[in-house]
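# Fold and geometry: a report
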Amino acid sequence: MEIQQVAIIGAGLMGTGITQSVAEAGYPVKWIDVSSGQLDKGIKTIRNLLNRKVEKGYCELHHIEDTMERIITNEELIKAKDVDLVIEAVPENMEIKKKIFRQLDEIINADAFLASNTSALSISALASVTRRPEKVIGTHFFYPVPKMGLLEVIPGLLTSQNTFESLKTFGQKIGKKAVLCKDFPGFIVNRLLVPMINEAIYLVMEGVKPEDVDSAMKIGANHPMGPLKLADFVGLETLLATMEGLYDGFKDSKYRPCPLLVKMVEAGTLGNKTGKGFYDHREKEQVL
Ligand SMILES: NC(=O)c1ccc[n+]([C@@H]2O[C@H](COP(=O)([O-])OP(=O)(O)OC[C@H]3O[C@@H](n4cnc5c(N)ncnc54)[C@H](O)[C@@H]3O)[C@@H](O)[C@H]2O)c1
């Protein structure tokens with residue numbers, strides 16, 4: 001089935017970026033959040049980012065109104081009916097997501113696709129609360145969505161090949177390279193990236209300076225950003241939650257969160273968002 005109309009549930013960090021990318025690609029979007037404040041904020045964010053694109057000469061002025069006209073906001077899930085694809089981007093909580101999937105399964109057409117932007121939760125478990133497990137799939141976008149070209153596409157155990165192909169094509173149409181992942185914690189990128197950052201934190205716990213760890217990986221492994229600067233950027237509580245997800249999911253000690261990571265989250269030193277992490281973002285000086 002060709003995807004023509006899309007609903008996006010959630011107007012937070014990810015829902016906003018996904019909505020912008022999908023609307024810019026020409027799809028009409030029903031954008032739904034329980035909070036009208038979040039929707040208003042999201043609309044302002046998208047408008048500002050589009051304005052900046054025009055200022056930089058990346059697109060024509062009419063692109064702003066063309067895109068904004070395709071987005072219709074609402075606070076009720078029922079407005080998602082008649083769409084061909086729903087992308088859910090609400091908080092990373094299985095119970096909240098399952099409740100929404102159950103409701104959407106009742107609301108949307110029998111042949112519509114249901115996708116989740118979950119970072120780590122089981123797609124098969126989400127699919128199990130619907131009567132359409134073959135049409136449920138994971139679509140994991142990366143922050144900031146309009147700039148990041150990757151889309152991890154994750155079929156659950158019962159997802160059909162047709163659903164995978166349809167979402168892969170949809171990904172291409174919104175300018176993303178879709179990669180096929182398996183429904184196991186961390187998919188591809190977080191499974192590789194987050195344990196590497198966790199290991200970098202072990203080095204700091206053993207006494208290596210954060211700036212030396214970062215320089216080593218930038219110069220020695222050609223990484224564009226050191227793992228600890230990246231940790232501060234992503235947020236230490238997010239990294240801890242991801243490590244815990246890997247640890248719980250695989251029951252393997254190699255995914256044990258570094259005790260220093262746990263301690264820093266307990267102390268509220270979460271990185272850029274709190275001003276302190278492995279670096280001091282207020283003074284631009286190193287903390288640890
Ligand atoms: N933050 C990231 O870098 C990132 C990256 C990839 C994937 N993800 C995943 O994307 C999802 C969303 O993350 P986020 O960072 O955008 O979260 P967020 O907290 O910024 O936004 C969540 C939004 O969902 C809304 N919401 C809550 N309950 C709702 C409901 N019942 N119906 C409709 N809206 C509801 C909230 O009002 C909020 O606007 C999570 O599953 C997360 O793991 C996040």
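Every chain begins its residue count from 1, and numbering advances along the sequence as written. Confidence filtering applies because this is a predicted model: local features only for residues at pLDDT of at least 70, side-chain atom pairs given and counted only at 80 or more, and all residues used for totals across whole chains, interfaces and linings.

## Regarding the overall build of the protein
Here is the rule: A run of DSSP states H or I qualifies as a helix once it reaches four residues; a run of E qualifies as a strand once it reaches two. Both are numbered from the N-terminal end. For the radius of gyration, the atom set is restricted to C-alpha positions; the globular benchmark scales as 2.2 Å times the number of residues to the power 0.38. Any residue with 12 or fewer other C-beta atoms within 10 Å of its own C-beta is exposed, any with 20 or more is buried, and the rest are partly exposed; the C-beta atoms used are placed from the backbone. A pair of residues counts as a contact when their C-beta atoms, built from backbone coordinates, are separated by no more than 7 Å.
Helices and strands together make up the secondary structure of the protein, namely eleven helices and ten strands. Computed over its C-alpha atoms, the radius of gyration of the protein comes to 20 Å, within 12% of the 19 Å expected for a compact globule of 288 residues. With the C-alpha coordinates of the protein rotated into their principal frame, the extents come out at 55 × 45 × 35 Å. Across the 288 residues that make up the protein, the buried fraction comes to 40%. Taking the contacts inside the protein whose residues are at least 6 apart along the sequence as the reference set, 65% of them involve residues at least 24 apart.

## Observations concerning the domain arrangement of the protein
For the record, the criterion: The domain limits used here are those given by an automatic or database domain assignment.
The domains assigned to the protein are domain 1 (6-180) and domain 2 (190-286). Placing a centre on the C-alpha atoms of domain 1 and another on those of domain 2 gives a separation of 29 Å.

## Things to note about the site of the ligand
So the rule is basically this: Being near a molecule or strand means, for a residue, that its backbone-placed C-beta atom lies within 6 Å of it. Side-chain classes are defined by residue name, with Ala, Val, Leu, Ile, Met, Phe, Trp, Tyr, Cys and Pro counting as nonpolar, Asp, Glu, Lys and Arg as charged, and the others, Gly among them, as polar.
As a matter of local geometry, the ligand sits amid 24 residues, with Gly10, Gly12, Met14, Glu92 and Ser119 nearest to it. Among the elements of the structure, α1 (13-24) and α4 (94-107) are those that each provide at least two residues to the shell around the ligand. At three residues, α1 tops the list of elements feeding residues into the shell around the ligand. Taken together, the residues that form the shell around the ligand break down as 13 nonpolar, nine polar and two charged.

## Details of the nonpolar core
Under the convention used in this document: Residues enter a nonpolar core if they are buried, belong to Ala, Val, Leu, Ile, Met, Phe, Trp, Tyr or Cys, and are joined to the set through C-beta atoms within 7 Å.
Counting residues in hydrophobic clusters, the biggest one holds 44 residues, and the most contacted among them are Val6, Ile8, Leu85 and Val86. By size, the runner-up hydrophobic cluster in this structure holds 23 residues, among which are Val194, Ile197, Leu236 and Tyr279.

## Points about the pairing of strand β2 (residues 29-32)
Which entries qualify depends on this criterion: A pair of strands counts as paired when DSSP detects no fewer than two bridges linking them. Looking down the strands as they point away from the viewer, one classifies a crossover as right-handed if the path from the first strand across the helix to the second runs clockwise.
Here β2 shows no split at all, with Val29 and Trp31 on one side and Lys30 and Ile32 on the other all buried. Across four bridges, the pairing between strand β1 (residues 6-9) and β2 is parallel. Pairing of Val6 across the sheet is with Val29, part of β2. The parallel pair β1 and β2 is bridged by α1, and the resulting crossover is right-handed. Sheet topology note: the β2/strand β3 (residues 71-74) ladder contains four bridges and is parallel. Its bridge partner being in β3, Lys30 is matched across the sheet by Ile72.

## Remarks on the pairing of strand β6 (residues 136-140)
Of all five residues in β6, five are buried, a share of seventy percent or more. For strand β5 (residues 113-116) and β6, the ladder comprises three bridges, and the chain directions are parallel. Note that in β6 the partner of Leu114 across the bridge is Val136. Sheet topology note: the β6/strand β7 (residues 150-155) ladder contains four bridges and is antiparallel. Residue pairing across strands places Thr139 opposite Val153, the latter belonging to β7.

## Points about the environment of Leu180
Turning to its location among the elements, Leu180 is positioned in strand β8 (residues 177-180). In this structure, the C-alpha to C-alpha distance between Leu180 and Ile154, residues 26 residues apart in sequence, is 6.2 Å.

## Observations concerning the environment of Phe113
Within the secondary structure, Phe113 sits in strand β5. In this structure, the C-alpha to C-alpha distance between Phe113 and Val6, residues 107 residues apart in sequence, is 9.6 Å. Look past the residues within four positions of Phe113 in its chain and what remains in contact with it is Asp84, Leu85, Lys135, Ile137, Thr163, Ser166 and Leu167.

## Description of helix α2 (residues 36-55)
Note on helix geometry: an α-helix contains 3.6 residues per turn, so any two residues three or four positions apart are oriented the same way. Using the following cut-off: Multiplying one less than the number of residues by 1.5 Å gives the expected span of a helix.
With 20 residues, α2 should reach 28 Å at 1.5 Å per residue; the first-to-last C-alpha distance of 29 Å fits that figure. Packed against the buried residues of α2 are α1, β2, α3 (62-69) and β3. Residue Gly57 follows α2 closely and has a positive phi angle near 85 degrees.

## Focus: unusual backbone geometry
Residue Pro144 is bonded to the preceding Tyr143 through a cis peptide linkage, with omega at -5 degrees. Structurally, the position occupied by Pro144 is in the loop between β6 and β7. Not every positive phi belongs to a glycine, and Asn222 is a case in point at roughly 65 degrees. Assignment of secondary structure puts Asn222 in the loop between α8 (210-220) and α9 (227-234). Positive phi outside glycine occurs at Lys251, with the angle close to 50 degrees. Along the polypeptide, Lys251 turns up in the loop between α10 (236-250) and α11 (259-267).

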